[in-house]
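# Breakdown of the fold
The primary structure of each chain is shown beneath.
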There are 2 protein chains.
Amino acid sequence: MRAAPENLRRTILDASLGLIAAEGLEGFSMREVARRAGVSHQAPYHHFPDRETIMAAIVAEGFQRLRDNSLAALEGVEDPFERLSAIGRAYVKFALNNPAHFKLMFRSEHVREDRHDEAKACALGAFDVLVMVAGEVAARNGHHDRTVLLTAWSTVHGLATLLLEGKLEKAIGAGGASDAAVDRVIAMLERLLRADA
Amino acid sequence: MRAAPENLRRTILDASLGLIAAEGLEGFSMREVARRAGVSHQAPYHHFPDRETIMAAIVAEGFQRLRDNSLAALEGVEDPFERLSAIGRAYVKFALNNPAHFKLMFRSEHVREDRHDEAKACALGAFDVLVMVAGEVAARNGHHDRTVLLTAWSTVHGLATLLLEGKLEKAIGAGGASDAAVDRVIAMLERLLRADA
DNA sequence: AGCGGCGCTTGACAGTGTCAAGTAGAAATC
DNA sequence: GATTTCTACTTGACACTGTCAAGCGCCGCT
């Protein structure tokens, strides 16, 4: 009995996901993935040309999940400003729940998006949700929509990144819970954006 | 003739700075540093216990330069909101001019700040400038000073990070220059912050 | 029955960070 | 002044990495 074709491919992806979740991005190695999948160190290369392409597949899945999370966060929320906040919170939450995955998705030295169509497409898919909601906000407050988009994205992305790298302890203040800080920042941005242009 | 003590230490740091500037963060290797410094692959270990400690020294220098740049950007600027914008622009500019250096400074897997006192102190030194100016802004608009700080920092940090990773092309819009986008985001944040609480 | 090819394994190579041991030469001790 | 000590450095080795190059066994086809 031979394994179904494409079966090992999925096994390898799952092993990769498990590995980065358990050991972090720098603990990722092709050989360890192969070990976890129970195959030789070269078997993965039969399904992926190289390390970057495996990572690109993981990135693609990450952006799909990020998009799903964003859309789920929008469910039932009508007010554009609240919707933008909801996406922002989902974004940071995703980053904190999947730190290595998130880093991988946003570090070009691991995956050059322009060389991996699927990853690129999924990234655009997630991005589109933000474009849509930022557009709703801009339509309300009269600001330039691309600027609203960029500002909101930068803020939540910076917040997520700084949290992930442990740089915010000194900024949050003594004993402050980090999720409270996230809420404060996002709430503040929402309030600021509510002001008309 | 023997080299002056601590001389190789400086040579190694300079070689490291040159290497990351030329080859990027992932091109950095202890052995390549040694090669550039013209010594054996183990010589650097006589002045630094390990790779992370060399990187920590580089991080420390980076934060010193960031602090200097921030202070220089404040020179002659009186208005708190303009001052915050000036720091923000200096922050992004620093990141774009020293991409690998900037990444190194903000990635905890390379340098765990808590284990390297000098790097930590320099990071706090740069951070203090931001604390000060965010405080001035909060005193004016009546917002919570830590939240102003966090929001401003997150925004410029996210902007810098996304630019560095080449993720903003799709967000800037067709043919848009990225520095114009930076100015727009920072200007928008400034305008938003000018509104009282 | 024989064969081609697909899926995987084994082996090798150059590169890495770092441990361990050796060495040349200046300084210190007698 | 000869000998020892110490310091700055070199040489060598190890386990690990990603990836190139062959080899091997089993499946379906003719």
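Conventions used here
- Residues numbered from 1 in each chain as written.
- Chains lettered and ligands numbered in written order.
- Predicted model: local features only at pLDDT ≥ 70, side-chain atom pairs only at ≥ 80, totals over all residues.
- Helix = DSSP H or I, 4+ residues; strand = E, 2+ residues; numbered from the N terminus.
- Buried ≥ 20, exposed ≤ 12 C-beta atoms within 10 Å, placed from the backbone.
- Contact = placed C-beta atoms within 7 Å.
- Core = buried A, V, L, I, M, F, W, Y, C linked by C-beta atoms within 7 Å.
- Near = placed C-beta within 6 Å.
- Nonpolar A, V, L, I, M, F, W, Y, C, P; charged D, E, K, R; others polar.
- Least-squares fit on C-alpha atoms with pLDDT ≥ 70 in both.
- Expected span 1.5 Å × (residues − 1).
- Domains from an automatic or database assignment.

What chain A contains, in helices and strands, is nine helices and zero strands. Put simply, chain A runs from its N terminus to its C terminus through helices and strands in the order α-α-α-α-α-α-α-α-α. Each principal axis of the C-alpha distribution contributes one length, and for chain A these read about 65 × 40 × 30 Å. Residue burial in chain A is summarised as follows: out of 197 residues, 41% are buried. Expressed as a percentage of contacts within chain A between residues at least 6 apart in sequence, the contacts between residues at least 24 apart total 64%.

A:Val59, A:Ile87, A:Ala160, B:Val59, B:Ile87 and B:Ala160 are the most contacted members of the largest nonpolar core, which totals 119 residues. Here A:Ile87 is in contact with A:Ser70, A:Ala73, A:Leu74, A:Val129, A:Leu130 and A:Val133, once residues within four sequence places are set aside.

Time to look at the protein's contact with DNA strand C. Around DNA strand C, 18 residues are found, and the nearest of them are A:Ser40, A:Gln42, A:Ala43, B:Met30 and B:Arg51. Counting residues per element, the surface near DNA strand C draws most heavily on helix H2 (residues 30-37) of chain B, which supplies three residues. When grouped by side-chain class, the residues that make up the surface near DNA strand C number six nonpolar, seven polar and five charged.

The next point concerns the interface of chain A and chain B. Contacts between the two partners involve 36 residues from chain A, matched on the other side by 36 residues from chain B. Elements supplying a minimum of two residues to the side of chain A that touches chain B: helix H6 (117-141), helix H7 (145-164), helix H8 (169-172) and helix H9 (178-194) of chain A. When residues in the side of chain A that touches chain B are grouped by element, the largest group, 13 residues, is from H7(A).

Attention now moves to the relation of the copies chain A and chain B. Here chain A sits on chain B after a turn of 180° about the axis and a move of 0.0 Å along it, with an RMSD of 0.0 Å. One copy is carried onto the other by what is essentially a two-fold rotation axis.

Residues and elements named next belong to chain A. In this model, helix H4 (residues 80-97) (18 residues) spans 25 Å end to end at C-alpha, consistent with the 26 Å of a helix rising 1.5 Å per residue. Within H4, burial applies to Pro80, Arg83, Leu84, Ser85, Ala86, Ile87, Gly88, Ala90, Tyr91, Val92, Phe94 and Ala95. The elements touched by buried residues of H4 are helix H3 (51-74), helix H5 (99-105), H6, H7 and H9.

Attention now goes to the protein's contact with DNA strand D. Around DNA strand D sit 18 residues, and of these A:Met30, A:Arg51, B:Ser40, B:Gln42 and B:Ala43 come closest. By residue number, the principal contributor to the surface near DNA strand D is helix H2 (residues 30-37) of chain A, which donates three residues. For the surface near DNA strand D, the residue count by class is six nonpolar, seven polar and five charged.

Moving on, we get to the environment of A:His116. Residues and elements named next belong to chain A. Within the element layout of this structure, histidine 116 appears in the loop between H5 and H6. Here the alpha-carbon distance between histidine 116 and alanine 34, two residues 82 residues apart in the chain, equals 22 Å. What histidine 116 contacts, discounting residues up to four positions off in sequence, is Thr53, Ala56 and Val111.

Residues and elements named next belong to chain A. Each assigned domain of chain A is listed with its residue range as follows: domain 1 (1-48) and domain 2 (50-194). For domain 1 versus domain 2, the separation of C-alpha centres amounts to 28 Å. Taken residue by residue, the interface counts eleven residues in domain 1 and ten residues in domain 2. For the side of domain 1 that touches domain 2, the leading source of residues is helix H1 (residues 7-23), giving six residues. Along the lines of polarity and charge, the residues of the side of domain 1 that touches domain 2 split into nine nonpolar, two polar and no charged.

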